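Here is how the chains run, residue by residue.
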Amino acid sequence: MSATILTEESLVGTTGARPGAMGFLTDTTLCIGCKACEVACKQWNQLPMDNFGLTGFSYDNTGDLGASTWRHVAFVEQISDETGQRPTSLRAFQSNWLMMSDICKHCVQAGCLQACPTGAIIRTEYDTVVIQQEICNGCGYCVPACPFGVPELSISDHKVHKCTLCYDRLQDGLEPACAKSCPTDSIQFGPVDALMARARARVSTLQTRGVEGAYIYGDQAVGGTGGIEGLNAFFILTAPPEVYNLPSQPVLPQTKVLPGFTALAGAALAFGVAAILALREE
Ligand code: SF4
Ligand code: SF4
Ligand code: SF4
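Residues numbered from 1 in each chain as written. Chains lettered and ligands numbered in written order. Predicted model: local features only at pLDDT ≥ 70, side-chain atom pairs only at ≥ 80, totals over all residues.

K.L.:
For this particular structure, what's the right way to read the confidence of the model for the protein chain?
P.N.:
Interpretation of the predicted coordinates at a detailed level should be avoided for regions scoring low in pLDDT. Per-residue confidence for the protein chain gives a mean pLDDT of 88; residues scoring 70 or more make up 89%. Here residues 1-13 scores under 50 on pLDDT; set against residues more than four positions off or in separate chains, the count is 23 contacts. (pLDDT = per-residue confidence, 0-100. Contact = placed C-beta atoms within 7 Å.)

K.L.:
Would you mind showing me how to read the site of ligand 1 here?
P.N.:
In the neighbourhood of ligand 1, 13 residues make up the surrounding shell, with Cys104, Cys107, Cys112, Cys146 and Val150 lying closest. Its residues assigned to classes, the shell around ligand 1 comprises nine nonpolar, two polar and two charged. (Near = placed C-beta within 6 Å. Nonpolar A, V, L, I, M, F, W, Y, C, P; charged D, E, K, R; others polar.)

K.L.:
How should I be thinking about unusual backbone geometry in this particular structure?
P.N.:
Generally, phi is negative for residues other than glycine and the peptide bonds are trans, each holding for most cases. Non-glycine residue His158 carries a positive phi angle of around 55°. By the element assignment, His158 lies in the loop between strand 6 (152-153) and strand 7 (160-161). His158 sits in the exposed class, given 12 other C-beta atoms within 10 Å. Look at Asn245: it is not a glycine, yet its phi comes out positive at around 65°. (Helix = DSSP H or I, 4+ residues; strand = E, 2+ residues; numbered from the N terminus. Buried ≥ 20, exposed ≤ 12 C-beta atoms within 10 Å, placed from the backbone.)

K.L.:
What is the right way to read the pairing of strand 1 (residues 22-27) from this model?
P.N.:
Side-chain positions along a regular strand alternate between the two faces of the sheet. Most of strand 1 sits inside the fold, with six of its six residues counted as buried. Because side chains alternate across strand 1, one face comprises the buried residues Met22, Phe24 and Thr26, and the other comprises Gly23, Leu25 and Asp27, equally buried. Direction of pairing for strand 1 relative to strand 8 (residues 187-191): antiparallel, over a ladder of five bridges. Each residue of the ladder has a partner; that of Met22, found in strand 8, is Pro191. Looking at chain direction, strand 1 and strand 10 (residues 233-237) are connected through four bridges and run parallel. Following the sheet pairing, Asp27 is matched in strand 10 by Ile236. (Pairing = 2+ DSSP bridges.)

Right, dumping it as C-alpha cells:
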C-alpha cells in the first residue's frame, strides 16, 4: 500500500483552531504501544475495564474507541516481502508495527455537538467538546453525526460517553491523564497552534531522516475536511489514514442534509408536474 502523497499544503496546513484552543498532538512515530494512556484514562475517569483477553485480530485487547475506552491504542501489523507483497514464508524482522493512540478529535466544527437536541454537548472555554452526563438523555443522535465513530451509547446507563479531554484536570491546571502517563511523549498536550508548529517541525525532521511518508492528520488539508475545519486533537502518521481506521476525507453529515432535501424537493416537484400532465392528457 502506498503512503499518502505529501504536498506542500498538507505539510503546512492550518489548524482552523479558535484562539486559546487546547488540544493534543499524538506523534505515532514515538508510540511503543505500552497502553499506559488507556489505563491512565480509565483510572482517572473511573471507566470499567473492557475485554480482558485478546481480540484475535492483533495484540490489541480493546479493539476500538467506545463508551468505556476513551483512548484506544491501535496495533497495526504490516507484513510484506521485498516487493511489498504478502510473504509465503516467515523470516526475522519481517513485520512492521504501527501503533497509534486514537481519541476524540475535539473537532473545530463538531458533528456530535451540532446534532445534540438537548444541549448536553458543549464547547468549553478550552475549545474542547464535552458531554454533560446529567443532561444527556441517551437519544443517540450524536453517534452517527461523528465522522470518526467516537461517541458510543452505553448499555449500562443509557447515556453517550466519550473523552472529555480531562476537563476537570484542566480546570485544576493539570494536563490530561493520558498525556501525563505517556512515557515517550507520543501524546503531547498544549495550545493547538503551538502543537501544530511542533508537528510541522517534527514532520520535516522525520522526512529529512528518511520517513518520507510522515504527515499531519487533522489540519484543514487532511482529516479536517468536509466542513470540520480542523481537529484540536491531531496526529503524525506514516501511512494512509485508512491503515489506522481513520477516514481520509471525513465529512460532517450535516453538510449533506440541505442537498438531500433540495434533491427530494426537486424530485417531488417533477413527480407532481408529471402526474398533472398525465391526468390532463386523460
Ligand atoms: S471526533 Fe466525533 S465525538 Fe469527538 S468532537 Fe469530533 S464529532 Fe464530536
Ligand atoms: S484527555 Fe482525559 S478523558 Fe480524554 S483520553 Fe486522555 S485521559 Fe481520557
Ligand atoms: S502511553 Fe504513549 S507510548 Fe504508551 S501506548 Fe499510549 S501513546 Fe503509545
